[in-house]
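# Close look at the chain arrangement
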Amino acid sequence: MAELILKEFILGELTPPLATDDCSPSVAVTGEATEVEGCKDVTITWTATDECNQTTTAAQKVHFTDSTPPAVVGGHPGDLTVACGNFPAEQTLTFWDYCAGDIDVFSKDSLPAGAVCDGQKYTRTWEGPSDDCQNKADSVTQTVSFP
């Protein structure tokens, strides 16, 4: 019967555990993980099979630690200069995060209603979202200028 010995799991470098058998020189090891949603633990069930088709299994619980905040997809928007009275429409920025996936954020505009011109500048802000692990992205700002 194969003996399954678990080694330490290193995120990004999943190394199957060492399996040994007194009767077989080679033991095949396969692993099946539960699906990871957000920043959660995952259990990997390792199965060792020797040359006589005898199997043994062991479960390994892996805790994912995410300390990286969401990042803007495609980079930060540049500042705008627009013609007098041509107030730009609200924009959505997409942030991406390993644990949360895509996060859409709508802009919060400090632009007044009505016509604006004569060198006025206003700031459009996208509040940085937090992921499931409470990592908060920096806010993104854009200056909108009216000549």
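Residues numbered from 1 in each chain as written. Predicted model: local features only at pLDDT ≥ 70, side-chain atom pairs only at ≥ 80, totals over all residues. Heavy atoms only, no water.

A sheet is described by the order of its strands in space; here three strands give the open sequence β3-β4-β5, paired in antiparallel fashion. Among the strands making up the open sheet, the edge pair consists of β3 (28–33) and β5 (55–63). Neighbour-to-neighbour, the strand axes of the sheet open up by a mean angle of 20 degrees, direction not taken into account. Across nine bridges, strand β4 (residues 41–49) lies against β5 in antiparallel orientation. The residue of β5 that forms the bridge with Ala48 is Thr56. (Pairing = 2+ DSSP bridges. Helix = DSSP H or I, 4+ residues; strand = E, 2+ residues; numbered from the N terminus. Axes fitted to C-alpha atoms, helices over the stretch in contact; angles between N-to-C directions.)

Attention now moves to the environment of Gly101. You can see Gly101 is positioned in strand β9 (residues 101–106). Considering only alpha carbons, one finds Gly101 and Pro70, 31 residues apart in sequence, at a separation of 8.6 Å. Setting aside chain neighbours within four positions, we find Gly101 in contact with Phe95 and Trp96. (Contact = heavy atoms within 4.5 Å.)

Further remarks concern the side chain of Asp50. With respect to the secondary-structure elements, Asp50 resides in the loop between β4 and β5. Among the polar contacts made by the side chain of Asp50, one reaches the main-chain amide nitrogen of Cys52 at a distance of 3.0 Å. A polar atom in the side chain of Asp50 sits 2.9 Å from the backbone nitrogen of Gln54. (Polar contact = N/O pair within 3.5 Å; in protein donor to acceptor, adjacent residues only side chain to side chain.)

Turning to the environment of Gly74, a few remarks are in order. Take Gly74: it is sitting in the loop between β6 (71–72) and β7 (80–81). Relative accessible area serves as the criterion here: at 82%, Gly74 is assigned to the exposed category. In the structure, Gly74 is positioned 20 residues away from Thr94 in sequence and 8.4 Å away in space, judged by C-alpha atoms. (Buried < 20%, exposed > 50% of the residue type's maximum accessible area, 1.4 Å probe, protein only.)

Here we take up the sheet that holds β9. An order of β6-β8-β9 is seen for the three strands of this open sheet, with the pairing classed as antiparallel. The outermost strands of the open sheet, each flanked by one partner alone, are β6 and β9. Examined bridge by bridge, strand β8 (residues 92–97) and β9 share six bridges and lie antiparallel to one another. When the bridges of β9 are listed, Thr94 appears paired with Asp104.

Across the chain, the average pLDDT comes to 79, with 82% of residues at or above 70. Taken element by element, the predicted model of the chain shows its lowest mean pLDDT in strand β1 (residues 3–5) (50) and its highest in β6 (92). Residue range residues 4–11 is modelled with pLDDT below 50. Its contacts to residues more than four positions away, or to other chains, number 27 contacts. (pLDDT = per-residue confidence, 0-100.)

For the rest of this paragraph, the subject is unusual backbone geometry. The phi torsion at Asn53 lies on the positive side, around 65 degrees, for a residue other than glycine. Structurally, Asn53 can be placed in the loop between β4 and β5. For Asn53, a relative accessible area of 63% puts it in the exposed group.

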